[in-house]
Every structure is written in C-alpha cells, then in structure tokens.
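Listed here are the chains, written in short residue letters.
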Amino acid sequence: MVAPHDSYLLQQLEGDKRFHSLNDEQKRAVIEVRRKKELVQRELSVIDQELARIDQELAQFERRNPQAAAAATTSEGRTNENNKTLDDVQGRQKFNVDPKKGIESLIASGLLNDTPEDIASFLYKGGRITKTKIGEYLGENKNPRELCL
C-alpha cells in the first residue's frame, strides 16, 4: 500500500483515528498530499532564507552607500549612477529568485540590452548570480536564439 520512503508519513498518521477509516486509495492520497506539503514547506524555507539574505545584502549596500539608499527613498528622485547601482543589485537579486523577472528588470532599467549576446554575456560574466538559476533560465527558455552561449 505505502512506498518505503513514505513510512515516516504513515507513522505520523497512525495515531489519527480518521486515517484508519479511509480506504487504501484515500490513504495514498492523504500521504501524497502530506508529501507535497512537506516539499512546499522546504521550498518556502529556502525562499525565506533567500529573502533574508537579500535583505541583509540590501542593508549592507545601504550602509556602504548611504547617499544611494537615501536617494532611493526620497520622492525627489535619484541620480543616474545611484539609480543604476541600486537597480543592478536589485535586478541580480531578482534573478536569483526568479531568473526571468530578473532579466526583465535589468532590461527595463536599461542595464541590459534585450539581445541574445548581452543576455549571454550577463549570464557568463554576471557576478552574484547563482549557477542554478542560470541553468533554470536556460532550461525554461524555449527560444533557441537566446541560447547563444
């Protein structure tokens, strides 16, 4: 009825009287839902850790560049240099969370041209972007002209 790697889930459910009243198919469905729940919880934990790291990097950036941080929070606007630096940091951080949105952010801020060559150069030379996310971006991208590495 239950795969060996799900035995720990079965042990957790053994104490639940409602579980014993289910048929085998329902029990498998409950175990599958629990397995997916644990997977989602692990993924959320990784995302929480990544967001905490991003917050920490932003705080470090703001301490090193107080003028850029202050300009970013004022409604009067930022200088182009500070604007581009902050957009670059945020774009790379977005890439490490969601590669497609990160690329779109860098293009929208004018830090990256929307050409296969520039995107390839960013992926190859881009500092502070994770290799896993580079692979994710390349794997999701169905347009072969953009895979010009």
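Quick look at the overall build of the chain now. Counting its regular elements, the chain contains 8 helices and 0 strands. Written out in order from the N terminus, the α and β elements of the chain read α-α-α-α-α-α-α-α. With 149 residues in all, the chain has 26% of them scored as buried. Relative to all contacts within the chain whose residues are 6 or more apart in sequence, the contacts with residues 24 or more apart total 48%. Carbon and sulfur atoms make up 51% of the accessible area of the chain, which totals about 10300 Å².

Turning next to the pattern of salt bridges. Enumeration according to the criterion identifies 5 salt bridges in this entry. Between K133 and E136 there is a salt bridge; the shortest N-O distance is 3.2 Å. Remark: E136 and K133 occur in helix α8 (residues 131-140); sequence separation between them is 3 residues, near one turn of the helix. What you see here is one network of salt bridges that share partners, running through E32, R35 and K36.

This brings us to the packing of helix α6 (residues 99-108) against α8. For any two helices packed against each other, one specifies the crossing angle of their axes together with the interaxial distance. Relative orientation of the contacting elements α6 and α8 amounts to 90°, with a least axis distance of 9 Å. One finds that α6 runs roughly perpendicular with respect to α8. Judged by residue contacts, P99, K100 and I103 of α6 engage K133, E136 and Y137 from α8. Along the lines of polarity and charge, the residues of the contact of α6 with α8 split into 3 nonpolar, no polar and 3 charged.

What follows concerns the confidence of the model for the chain. Residues with a pLDDT of 70 or more make up 74% of the chain, whose mean pLDDT is 77. Within the chain, the element-level pLDDT minimum falls on helix α4 (residues 66-73), averaging 62, and the maximum on α6, averaging 86.

Now for α8. Every buried residue belonging to α8 is among K133, I134 and Y137, and all of these are buried. Summarising the axial view, the buried residues of α8 lie within an arc of 105°, below the 170-degree limit, and thus occupy one face. In this structure, α8 carries K131 and T132 as exposed residues pointing more than 90 degrees from its buried face.

Taken together, V40, L44, I47 and L51 make up a surface patch of nonpolar side chains, about 330 Å² in accessible area. Mapped onto the elements, V40 comes out in helix α3 (residues 24-64).

Turning our attention to the nonpolar core. F95, I103, L106, L112, I119, F122, L123, I129, I134 and Y137 together form the largest nonpolar core, which totals 10 residues. Of all the elements, helix α7 (residues 116-125) adds the most residues to this core, at 3 residues.

We now examine α6. Where α6 is concerned, the buried positions are P99, G102, I103, S105 and L106. Take α6 and look down its axis: the buried residues cluster within an arc of 160°, on one side only. α6 presents K100, K101 and A108 as exposed residues on the side facing more than 90 degrees away from its buried surface. One or two steps after α6, the chain reaches G110, where phi turns positive at roughly 80°.

Our next topic: the environment of I54. For I54, the location among the structural elements is in helix α3. Classification of I54 as buried rests on a relative accessible area of 10%. In the structure, I54 is positioned 35 residues away from V89 in sequence and 9.6 Å away in space, judged by C-alpha atoms. Excluding residues within four positions of it along the chain, I54 makes contact with Q93 and V97.

Here is what the cut-offs are and how they apply
Residues numbered from 1 in each chain as written. Predicted model: local features only at pLDDT ≥ 70, side-chain atom pairs only at ≥ 80, totals over all residues. Heavy atoms only, no water. Helix = DSSP H or I, 4+ residues; strand = E, 2+ residues; numbered from the N terminus. Buried < 20%, exposed > 50% of the residue type's maximum accessible area, 1.4 Å probe, protein only. Contact = heavy atoms within 4.5 Å. Areas by Shrake-Rupley, 256 points an atom, 1.4 Å probe, with all protein chains shown as cover. Salt bridge = Lys/Arg side-chain N within 4 Å of Asp/Glu carboxyl O. Axes fitted to C-alpha atoms, helices over the stretch in contact; angles between N-to-C directions. Parallel < 35°, antiparallel > 145°, perpendicular 65-115°, else oblique. Nonpolar A, V, L, I, M, F, W, Y, C, P; charged D, E, K, R; others polar. pLDDT = per-residue confidence, 0-100. Arc of directions from axis to C-beta. Patch = residues over 30% accessible without salt bridge, like charges linked within 9 Å, V, L, I, M, F, W, Y side chains within 5 Å. Core = buried A, V, L, I, M, F, W, Y, C linked by side-chain atoms within 4.5 Å.

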